[in-house]
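Per-entry structural report
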Amino acid sequence: MLAIIGGSGLTQLANLSVIRREVVRTPYGEPSGALTFGQLCAQPVVFLARHGYGHTIPPHRVNYQANLWALREARVSEIISVASVGGIRSDLCPGSLVVPDQIIDYTWGRKSTFHENSDEPVVHIDFTEPYDEGVRRRILAAGVTAGQPIVDGAVYAATQGPRLETAAEINRLERDGADLVGMTGMPEAALARELGIPYAAINVVANFAAGRASSEHEICFDSIDAVLREAMGRVRNVLDHLCEA
Ligand code: HPA
């Protein structure tokens, strides 16, 4: 069964015919909300709103461990993360859909492993390729059948938030090789890898990153809402095609 973790702008899936909601408790605490089980184009799907269904949990307070553990308990076979980002690379303008292929993690103080008890052996996962290539390919193929252009490959920088970055921070991220910036990609991807669940992301560019193009002097929140509303419609369309395939 496919799991979809929805971020800002995607707190529910319009085409999901809901079968049941389940509150899951985990050894790591409570997930962001109940898991919503349903069907998308006749395929079983489970949906979780990363920031809670009322969008009340900021990126650094999301219980990523509990979210991932709950999806594991639900025996999901793969996870697609949907998350909004700022565009650093000049061609990644507001409204672009991107399937990233690399991550740089700038977050701090988040619980980023399931193996932190002093009485168990240290676990190092391989994270050379942080996203599952099979899931990436399925998203990209669904974009083709849906007729929705999706950019294949980008370096995602995960920042701590909840504030947006300074222009100088974005310049630094670009020098580091980052193309996109968001606040929730980590440790989510690493925890999925620890659990052995194939994971990939669809990033929706909500705004030019700080200091870039129309965000040269400030980031306009009103236009972010409008961009996300339109672009998430395209994401839903891609997800429908992915489930139909
Ligand atoms: N920075 C970080 N996260 C974001 C941004 C941004 O500019 N836009 C949407 N999520």
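Chains are numbered independently. Their residues run from 1 in the order of the written sequence. Since the coordinates come from a predicted model, pLDDT governs what is reported: local features require at least 70, and pairs of side-chain atoms require 80 or more to be given and counted, while whole-chain, interface and lining totals use all residues. For the side-chain quantities, the full set of heavy atoms in the structure was used; hydrogens and water were omitted.

So, helix α2 (residues 133–146)
Where helices and strands are cited, they refer to DSSP runs of H or I of at least four residues and of E of at least two residues respectively, numbered from the N terminus. In this analysis, the expected span of each helix is defined as 1.5 Å times one less than the number of residues it contains. The first and last C-alpha atoms of α2 sit 20 Å apart over 14 residues, in line with the 20 Å expected at 1.5 Å per residue. N or O atoms within 3.5 Å of each other form a polar contact, as long as, within protein, one can give a hydrogen and the other can take it, and as long as residues adjacent in sequence are counted only when both atoms are side-chain atoms. Measuring from the backbone nitrogen of G134 back to the side-chain oxygen at the start of α2 gives 3.0 Å, which picks out D132 as the cap. Within two residues after α2, G147 carries a phi angle of roughly 70°, on the positive side.

Let's talk about the site of the ligand
Near residues are defined by distance, with any heavy atom within 4 Å of the molecule or strand qualifying the residue. In the region of the ligand, the neighbouring residues are S84, V85, G86, L164, E165, V181, G182, M183 and N207. With respect to the ligand, the backbone of S84 contributes an N or O atom lying 3.5 Å from a nitrogen atom. Between the ligand and G86, the relevant distance is 3.3 Å, taken from a nitrogen atom to a main-chain nitrogen or oxygen of the residue. Surface accessibility in these figures is a Shrake-Rupley result with a 1.4 Å probe; residues are shielded only by whichever protein chains are displayed. Coverage of the ligand by the protein chains reaches 92% of its 260 Å² of free accessible surface. For the shell around the ligand, the secondary structure elements donating two or more residues are β5 (78–87) and β10 (180–182). Considering every element that reaches the shell around the ligand, the biggest residue donor is β5, with three residues. Throughout this entry, Asp, Glu, Lys and Arg are counted as charged residues, while Ala, Val, Leu, Ile, Met, Phe, Trp, Tyr, Cys and Pro are counted as nonpolar. The remaining residues, Gly among them, count as polar. Residues of the shell around the ligand, tallied by class, amount to four nonpolar, four polar and one charged.

Describing the state of the cysteines
Sulfur atoms of two cysteines make up a disulfide when they are within 2.5 Å. Applying the stated criterion across every chain, the model contains zero disulfides. Here C41 stays free of any disulfide, with the sulfur of C243 as its closest cysteine sulfur at 6.1 Å. For the unlinked cysteine C220, the closest cysteine sulfur is that of C93, found at 16 Å. Think of it in three bands: residues with accessible area under 20% of the maximum for their type are buried, residues over 50% are exposed, and the middle band is partly exposed, with areas taken using a 1.4 Å probe on protein chains only. For C220, a relative accessible area of 41% translates into the label partly exposed.

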